[in-house]
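# Commentary on secondary and tertiary structure
The primary structure of each chain is shown beneath.
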Amino acid sequence: MADVEVPGQARQGWFVTLEGPDGSGKSAQSERLRAAAAAAGQDVVLVREPGGTAGGERIRAILNDAGPVGVRLARRTDALLFNAARAQLLDEVIRPALRRGALVISDRYADSTLAYQGCGSELPLDELRPVVEFATGGLLPDRTILIDVPVEVGLARKSAAETTRWEAHFDRAFHERVRAGYLSFAAADPARWVVVDGTAPADDVFAALWGVLLDMPGLGPRLAR
Ligand code: TYD
């Protein structure tokens, strides 16, 4: 597979991304999905953003360090670093896995940049989209699942130990803009997006997510085996 998606050229594998505000439960749910798909005998790879490669984890450390007490990063620097980590993850992990026909589940992907740096930090979406396009070579997920929770529910779920600069230095209005952004992306592209109510019991959320995978052409029959 080349660095750039060739329109009309079928790629193998399935690419599913999970998105949602902080504290939506994405990370636990994506691990459950990975385990269930693996138990069904499916070749499955779970990645998280930012990170997932040696270089990407270093970039994550820089991002995590940023804030009033750490290094100062401009909003555009933030956007470029998230996308640098993403480009590396695509090159080292995601594209090779798709090429061999795996199911790739990513805990956050390009839509996080549009929601957080775009809607949250208010960088213009029409300037961010080409940056994301460059980093991803145009690779879009087959399905993107938004685990939607109200801001206060998500923030309350984050323990103090988990509080990084991302949670600590952005105000309530920032998180409201992120959530509204996600909901608008989902409404604009229902063929790719599925919205799941993240306030439901975890088992119900999982059942909804698994249902999305079962509905995916070619993948469902393999998982239902
Ligand atoms: P993390 O601790 O992994 O949070 P979560 O479990 O909520 O995914 O931190 C990732 C943070 O980085 C999260 O607040 C969202 C933010 N982020 C961006 O702002 N832009 C991006 O492109 C990505 C991938 C993440």
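None of the values given here were measured: they were computed from a predicted structure.

Our focus in this paragraph is the packing of helix 3 (residues 75-99) against helix 5 (residues 125-136). Two numbers describe how helix 3 lies on helix 5: the axes approach to 8 Å, and their chain directions differ by 25°. As summarised for this structure, helix 3 and helix 5 are arranged roughly parallel, according to the angle between their axes. Here helix 3 runs over helix 5; the crossing is right-handed. Residues Arg76, Ala79, Leu80, Asn83, Arg86, Ala87, Leu90 and Arg95 of helix 3 touch helix 5, and the partners they reach there are Glu127, Leu128, Val131, Val132, Ala135 and Thr136. Per-class residue counts for the contact of helix 3 with helix 5 are eight nonpolar, two polar and four charged.

Looking now at the nonpolar core. Among the nonpolar cores identified, the biggest contains 29 residues, and Ile94 and Tyr182 are the most heavily contacted of them. Looking at which element gives the most residues to this core, the answer is helix 3, with seven residues. Residue contacts for Ile94: discarding those within four places in its chain leaves Phe15, Val47, Leu89, Val104, Tyr109 and Leu139. Leu18, Ala37, Val205 and Trp210 belong to the second-largest nonpolar core, a separate cluster that totals 21 residues.

Its 17 residues place the ends of helix 8 (residues 172-188) 24 Å apart at the C-alpha level, agreeing with the 24 Å of an ideal helix rising 1.5 Å per residue. All of the buried residues in helix 8 are Phe174, His175, Val178, Gly181, Tyr182, Phe185 and Ala186. Angular distribution of buried residues about the axis of helix 8 spans 130°; they occupy a single face of the element. Residues of helix 8 that are exposed and point over 90 degrees away from its buried face: Ala187 and Ala188.

With their axes 9 Å apart at the nearest point, helix 2 (residues 54-65) and helix 3 run at an angle of 160° to one another. Between helix 2 and helix 3, the interaxial angle falls into the category roughly antiparallel. Relative to helix 3, the crossing made by helix 2 is left-handed. Within the contact between the two elements, helix 2 uses Gly56, Ile59, Ile62 and Leu63 and helix 3 uses Asp78, Leu81, Phe82, Ala84 and Ala85.

Next up on the list: the site of the ligand. Taken together, 14 residues sit near the ligand, with Asp22, Lys26, Arg108, Thr113 and Gln117 positioned nearest. In the model, an oxygen atom of the ligand is placed 3.0 Å from a nitrogen or oxygen of the Arg60 side chain. Look at the ligand: alone it shows 540 Å² of surface, and the protein chains cover 93% of it. Listing elements by their share of the shell around the ligand, those giving two or more residues are helix 1 (26-39), helix 3 and helix 4 (110-120). No other element matches helix 4, which puts four residues into the shell around the ligand.

What follows covers unusual backbone geometry. Note that the residue after Glu49, namely Pro50, is joined by a cis bond; omega there is -15°. The residue Pro50 is located in the loop between strand 2 (44-48) and helix 2 in this model. The phi dihedral of Arg108 falls on the positive side, at around 80°, and the residue is not glycine. By relative accessible area, which is 14% here, Arg108 ends up buried. One non-glycine residue, Glu122, adopts positive backbone phi at about 65°. Tracing the backbone through its elements, the reader meets Glu122 in the loop between helix 4 and helix 5. The exposure class assigned to Glu122 is exposed, which follows from its relative accessible area of 51%.

Criteria and thresholds
- Residues numbered from 1 in each chain as written.
- Predicted model: local features only at pLDDT ≥ 70, side-chain atom pairs only at ≥ 80, totals over all residues.
- Heavy atoms only, no water.
- Axes fitted to C-alpha atoms, helices over the stretch in contact; angles between N-to-C directions.
- Helix = DSSP H or I, 4+ residues; strand = E, 2+ residues; numbered from the N terminus.
- Parallel < 35°, antiparallel > 145°, perpendicular 65-115°, else oblique.
- Left-handed = near helix turned anticlockwise from the far one by under 90°.
- Contact = heavy atoms within 4.5 Å.
- Nonpolar A, V, L, I, M, F, W, Y, C, P; charged D, E, K, R; others polar.
- Core = buried A, V, L, I, M, F, W, Y, C linked by side-chain atoms within 4.5 Å.
- Buried < 20%, exposed > 50% of the residue type's maximum accessible area, 1.4 Å probe, protein only.
- Expected span 1.5 Å × (residues − 1).
- Arc of directions from axis to C-beta.
- Near = heavy atom within 4 Å.
- Polar contact = N/O pair within 3.5 Å; in protein donor to acceptor, adjacent residues only side chain to side chain.
- Areas by Shrake-Rupley, 256 points an atom, 1.4 Å probe, with all protein chains shown as cover.

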